[in-house]
Amino acid sequence: MGRDPSNQKCGGRKKTVSFSSMPSEKKISSANDCISFMQAGCELKKVRPNSRIYNRFFTLDTDLQALRWEPSKKDLEKAKLDISAIKEIRLGKNTETFRNNGLADQICEDCAFSILHGENYESLDLVANSADVANIWVSGLRYLVSRSKQPLDFMEGNQNTPRFMWLKTVFEAADVDGNGIMLEDTSVELIKQLNPTLKEAKIRLKFKEIQKSKEKLTTRVTEEEFCEAFCELCTRPEVYFLLVQISKNKEYLDANDLMLFLEAEQGVTHITEDICLDIIKRYELSEEGRQKGFLAIDGFTQYLLSSECDIFDPEQKKIAQDMTQPLSHYYINASHNTYLIEDQFRGPADINGYVRALKMGCRSIELDVSDGSDNEPILCNRNNMTTHVSFRSVIEVINKFAFIASEYPLILCLGNHCSLPQQKVMVQQMKKVFGNKLYTEAPLPSESYLPSPEKLKRMIILKGKKLPSDPDVLEGEVTDEDEEAEMSRRMSVDYNGEQKQIRLCRELSDLVSICKSVQYRDFELSMKSQNYWEICSFSETEASRIANEYPEDFVNYNKKFLSRIYPSAMRIDSSNLNPQDFWNCGCQIVAMNFQTPGPMMDLHTGWFLQNGGCGYVLRPSIMRDEVSYFSANTKGIVPGVSPLALHIKIISGQNFPKPKGACAKGDVIDPYVCIEIHGIPADCSEQRTKTVQQNSDNPIFDETFEFQVNLPELAMIRFVVLDDDYIGDEFIGQYTIPFECLQPGYRHVPLRSFVGDIMEHVTLFVHIAITNRSGGGKAQKRSLSVRMGKKVREYTMLRNIGLKTIDDIFKVAVHPLREAIDMRENMQNAIVSIKELCGLPPIASLKQCLLTLSSRLITSDNTPSVSLVMKDSFPYLEPLGAIPDVQKKMLAAYDLVGNCDSIFFISLCVKS
């Protein structure tokens, strides 16, 4: 992608703020910093309902009583807004002015904010030059409004805050002489202990900056300087703004604040005050905070960075899917040329290839066996015969590591190139090493599907050729299993259509049971005559052709039979195919070159992280149900599946390393983030953030993206961080996660290196919201509703299957289905209306709406302006006297949600 032009530095007044890690730039670490910035003032855009936008310079009075702007045609005393008149501050484009402004689409959501004032909630709508500046104004104004009836003591400094009291105790404990001063080396080491991610050079530079500002000649550090350096270095402004927002403008969270945050924002269920107090005790750094039950900025930052706030759903870190379905209903983690640790053209055979694959949860591995000396079968790369490993040593390693990462069945794909005597040696060695783990039970003709992974736990299944069932036939000819050689022969001008034959002994044939290798002819023949225990292998080229020409047939075929896809023989560098292309067709065993890292291996590794990393992932029901329709080439909405909207906000990054392959360049990078959506063709998409110049420690992006996902069960999200000013290598890190494993709310994404290793302390800070989910999955976590803005209402259509009796039965369901869709859409529209009136974005949850609504219905003397009345089993709100028009609109919208909700559920009960 080309460079983003929005990334160029903007002109304007010199009063700006930056959250760069450059030591000369002041960072926001307290409410005092916000107030100071607002008093210095900056340029903001003032948005009017008539689609006009004016540039104005806004400042906060030194007495903190009013907000002023200039130039203005109004009298100076009128071009102001008293802090006491402010009712609410909203972040984002969440007022009628923004929604109706013709230029609203050109305004960044994260740079916009509104100040609601007066009894009628009039709005002053503003746009900052950056999301950072908007956050400063919103946080500062909320702080002022929340303390408008209290003495404003924060201007006296930060010396009495819980954070500074804690830092003082830390300093005093390290100040062994008790002189209130310590060596710079000691101070540097102390800060590194408190925050191991900081570089020593950066800490020393900060101390020099502080001492220079005070014109000090000594390098010894005072308590005040230590506290100042720590706060500037260790405060992440985006986390500070979040804390102030959820704590109702305090600089710490109590147990109630944390409970609301976890329930309404993070989607955590069954949360209690005791659980919140336990979190505070485990993450708060100060003894006072742990005793009094509050979480300050440093403890909150540590909590957000902990595994408890990881983006990956912890439920998916264990077996979370039904493992009793037939084997053909699962995607299976598969390796190609497992014995190689380099490319297939000249790489040597190495036993560590099996160790690596099995530790990564691989459940299908390859053994390419040839004759060795001394009647001992070997595995080798037949393009490089100089190195080989014995068959016995390989199966001993397989036996040792087979069920360490997963207890579910392991498939051995046997490439047999041995003579009959050495085949018999293989049989003896496998029986001796694997023992009763070797699955040799004959398939039952009375069954229609393969056994389940649950039934085959801790079993080793051999995939290979098989002789006819006649026991008198002790040996015979079968087609060669050498796939690459077969492809080469087919591409040869001398190829006459005949396959190479090899001799197979009865003993080896009898070890093959439910994975008998057969050759694919066509779908019509397969559906008529193929047995459920027979498996076809497809080259990448052949499978791609079939997927394009017969996408529906491929999906239907894979409902019953196993398909194995292996990379093209032309990939002599052992590059990888795109597994998503074949997962979309329902192909279960897509073999990957584990030794070759890159985007395709990232997708494969990320996909099999789910379901406890056991190597088996249940396919979507639309790919399993006998009576279902799905095409791998679907370009739009999938029949019977409700599309979801995925909202991702890339907030910031932490501790990005320099690209490993970069050369002739310093340590400074210009990072940006790409978000890739992988899945069915209709879901594939990619967007990127702006570039942040010269910041690797804590670049702030603050950009929001929205994607429509039509088949969530097959979708994956890949976050990629790149350097925009690179020499040689741009890759910084990536993380790939299945859609179904996303956790909503504020999450940290642990980035992986190019070879797939987790990089310590290297993360992305993001916000995730999933809307329009209707039933299934994690309804409580994702039951957010939003209007998609479609002009035409889309109805679920019923497709005739050709059986008149069944078609006639389902024909009567058309009208009730339309009614149900109408009711659902009406309810979603009602919810959108109440969100808009509450000033909340579309991704807000109903709980957030109710919290906002309740705060609006409290009078100035802290008494409720409404009462709660139950009608038809739904809680209605009735006014207690006269209320402003804006509150009347909110109550009407709330009642509309109630009416839709009641009708919707009553209708569902009647239909059921």
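Residues numbered from 1 in each chain as written. Predicted model: local features only at pLDDT ≥ 70, side-chain atom pairs only at ≥ 80, totals over all residues. Heavy atoms only, no water.

Asker: For this particular structure, what's the right way to read the overall build of the protein?
Answerer: Along its length, the protein carries 27 helices and 34 strands. Looking at the protein residue by residue over its 912 residues, the buried ones come to 54%. Excluding contacts between residues fewer than 6 apart, the proportion of contacts in the protein whose partners are at least 24 apart in sequence is 67%. When the accessible surface of the protein is split by element, carbon and sulfur atoms take 51% of a total near 41,100 Å². (Helix = DSSP H or I, 4+ residues; strand = E, 2+ residues; numbered from the N terminus. Buried < 20%, exposed > 50% of the residue type's maximum accessible area, 1.4 Å probe, protein only. Contact = heavy atoms within 4.5 Å. Areas by Shrake-Rupley, 256 points an atom, 1.4 Å probe, with all protein chains shown as cover.)

Asker: Can you walk me through the packing of helix α4 (residues 162-174) against helix α7 (residues 223-234) in this structure?
Answerer: With their axes 10 Å apart at the nearest point, α4 and α7 run at an angle of 120 degrees to one another. By the criterion of interaxial angle, the relationship of α4 to α7 is oblique. Considering how the two elements wind past one another, α4 and α7 form a crossing that is right-handed. Touching Arg163, Phe164, Trp166, Leu167, Lys168, Val170, Phe171 and Glu172 of α4 are Glu223, Phe226, Cys227, Phe230, Cys231 and Cys234, all from α7. (Axes fitted to C-alpha atoms, helices over the stretch in contact; angles between N-to-C directions. Parallel < 35°, antiparallel > 145°, perpendicular 65-115°, else oblique. Left-handed = near helix turned anticlockwise from the far one by under 90°.)

Asker: For this particular structure, what's the right way to read the environment of Phe705?
Answerer: Within the element layout of this structure, Phe705 appears in strand β28 (residues 700-709). Each C-alpha atom of the pair Phe705 and Ile648 lies 5.3 Å from the other, and the pair is 57 residues apart in sequence. When residues no more than four places from it in sequence are discounted, the contact partners of Phe705 are Leu646, His647, Ile648, Ile650, Ile675, Gln687, Arg688 and Thr689.

Asker: Before we go on, may I ask you to explain unusual backbone geometry in this structure?
Answerer: For residues that are not glycine, phi is negative in most cases, and the peptide bond is trans in most cases. Backbone torsion omega between Glu70 and Pro71 reads -10 degrees, so that peptide bond is classified as cis. By the secondary structure assignment, Pro71 is in the loop between β3 (66-70) and β4 (80-82). The phi dihedral of Tyr121 falls on the positive side, at around 55 degrees, and the residue is not glycine. Among the secondary structure elements, Tyr121 is positioned in the loop between β6 (112-117) and β7 (122-127). Located in the positive-phi region is His270, a residue other than glycine, with phi close to 55 degrees.

Asker: Just checking my understanding: could you explain the packing of aromatic side chains for this structure?
Answerer: Think of a pair of aromatic rings as described by two things: how far the centres are apart, and how the planes are tilted against each other in angle. Under the defined criterion, the tally for this structure stands at 24 aromatic pairs. Ring centres of Phe261 and Phe300 lie 5.9 Å apart, and the angle between their planes is 75 degrees; this geometry places the pair in the edge-to-face category. You can see Phe261 sitting in helix α9 (residues 255-265) and its partner Phe300 sitting in helix α12 (residues 297-305), a full 39 residues away along the chain. Summarising the burial analysis for this pair, Phe261 and Phe300 share the class buried. Ring geometry for Tyr408 against Tyr616: centres 6.3 Å apart, planes inclined by 65 degrees, an arrangement best described as edge-to-face. With Tyr408 in the loop between α14 (391-401) and β16 (410-417) and Tyr616 in strand β24 (residues 616-618), this residue pair connects regions lying 208 residues apart in the sequence. (Phe/Tyr/Trp six-rings, centres within 6.5 Å; stacked < 30°, edge-to-face > 60°.)

Asker: What is the right way to read the pairing of β16 from this model?
Answerer: Every regular strand shows the same layout, with side chains that alternate between the two sheet faces. Counting buried positions along β16 gives 7 out of 8 residues, so the element sits mostly inside the fold. Direction of pairing for strand β13 (residues 364-370) relative to β16: parallel, over a ladder of 7 bridges. Looking at the pairing, Ser370 lines up with His417 of β16. For the crossover that starts at β16, traverses helix α15 (residues 420-434) and ends in the parallel strand β17 (residues 460-463), the hand is right-handed. (Pairing = 2+ DSSP bridges. Right-handed = clockwise from strand over helix to strand, strands pointing away.)

Asker: Mind showing me how you'd approach the side chain of Ser517 here?
Answerer: If you trace the backbone, Ser517 turns up in strand β20 (residues 516-518). Look at Ser517 and you get buried, because its relative accessible area is 6%.

Asker: How should the nonpolar core be read in this particular structure?
Answerer: Soluble globular proteins tend to bury their nonpolar side chains together. If you look at the biggest cluster of nonpolar residues, it comprises 77 residues, and the most contacted ones within it are Ile365, Leu367, Ile398 and Leu508. With near-sequence residues (within four places) excluded, Leu367 lies in contact with Tyr354, Leu379, Phe391, Val394, Ile395, Ile398, Leu412, Cys413, Leu414 and Gly415. Of all hydrophobic cores here, the second largest spans 58 residues; its members include Ala31, Leu67, Leu141 and Leu262. (Core = buried A, V, L, I, M, F, W, Y, C linked by side-chain atoms within 4.5 Å.)

Asker: Would you take a moment to explain the pairing of β28 for this structure?
Answerer: Of all 10 residues that make up β28, 7 are buried, and the element is covered over most of its length. Bridge count for strand β25 (residues 644-654) against β28 is 8 bridges, and the pairing is antiparallel. Paired with Ser652 across the two strands is Ile700, which belongs to β28.

Asker: It is not clear to me how the pattern of salt bridges should be interpreted in this structure. Could you clarify?
Answerer: Pairing is possible between side chains that carry opposite charge, provided their charged atoms lie close to one another. Across all of its chains, the model carries 39 salt bridges by this definition. Among the ionic pairs, Arg163 bridges to Asp298, the shortest N-O distance being 2.8 Å. With Arg163 in helix α4 and Asp298 in helix α12, this residue pair connects regions lying 135 residues apart in the sequence. For Lys516, the salt bridge goes to Glu534, with nearest N and O atoms at 3.7 Å. (Salt bridge = Lys/Arg side-chain N within 4 Å of Asp/Glu carboxyl O.)

Asker: Even after reading the chapter, I still don't get the sheet that holds β3, so can you show me in this structure?
Answerer: Adjacent strands of a sheet form backbone hydrogen bonds with each other and so pair up, either parallel or antiparallel. With antiparallel pairing, the 7 strands of this open sheet are ordered in space as β4-β3-β2-β1-β7-β6-β5. In this open sheet, the two edge strands, each paired with only one partner strand, are β4 and β5 (86-91). For this sheet, the mean inter-axis angle between neighbouring strands, taken without regard to orientation, is 30 degrees. Across 6 bridges, the pairing between β6 and β7 is antiparallel. Among the inter-strand pairings, Phe113 is bridged to a residue of β7, identified as Leu126.

Asker: What is the right way to look at a nonpolar patch on the surface in this model?
Answerer: The grouping of Val627, Ile801, Leu803, Ile806, Ile809 and Phe810 at the surface amounts to a nonpolar patch, some 580 Å² of accessible area in total. Considering the arrangement of structural elements, one finds Ile801 in the loop between α23 (779-782) and α24 (804-811). (Patch = residues over 30% accessible without salt bridge, like charges linked within 9 Å, V, L, I, M, F, W, Y side chains within 5 Å.)

Asker: Looking at this structure, how should I read the environment of Glu475?
Answerer: By the secondary structure assignment, Glu475 is in strand β18 (residues 475-479). Considered as a pair, Glu475 and Arg506 are 31 residues apart in the sequence and their alpha carbons are 5.4 Å apart. Those residues in contact with Glu475 that sit more than four places away from it in its chain are Leu420, Leu467, Arg503, Leu504, Cys505 and Arg506. A polar contact of 2.8 Å, which involves the side chain of Glu475, links it to the side chain of Arg503. (Polar contact = N/O pair within 3.5 Å; in protein donor to acceptor, adjacent residues only side chain to side chain.)

Asker: Explanation requested: the environment of Ser652 in the structure shown.
Answerer: By secondary structure assignment, the location of Ser652 is in strand β25. On the basis of relative accessibility, which here comes to 0%, the residue Ser652 falls in the buried class. Residues Ser652 and Glu238, 414 residues apart in the sequence, show an inter-C-alpha distance of 7.7 Å. Setting aside anything within four residues of it in sequence, one finds Ser652 in contact with Arg236, Glu238, Asn698, Pro699, Ile700, Phe701, Leu764 and Phe765. Within the local environment of Ser652, its side chain forms a polar contact with the side chain of Gln654, the two groups lying 2.8 Å apart.

Asker: Is there a simple way to think about the confidence of the model for the protein in this case?
Answerer: Low pLDDT marks stretches whose predicted atomic positions should not be read closely. Confidence along the protein averages 84 in pLDDT terms, with 87% of residues attaining 70 or more. This stretch, residues 1-25, has a pLDDT under 50; its non-local contacts, to residues over four places away or in other chains, come to 49 contacts. Here residues 151-157 is modelled with pLDDT under 50, and outside its nearest four sequence neighbours on either side it reaches 13 contacts, counting other chains as well. (pLDDT = per-residue confidence, 0-100.)

Asker: I keep staring at the side chain of His647 and nothing clicks. Help me out?
Answerer: Along the polypeptide, His647 turns up in strand β25. A residue is classified by how much of its surface remains accessible, and His647, at 7% relative accessible area, is buried. A polar side-chain atom of His647 sits 3.1 Å from a polar atom in the side chain of Thr771. Apart from the residues lying within four places of it in its own chain, the contact partners of His647 are Phe705, Glu706, His767, Ile768, Ala769, Thr771 and Ile843.

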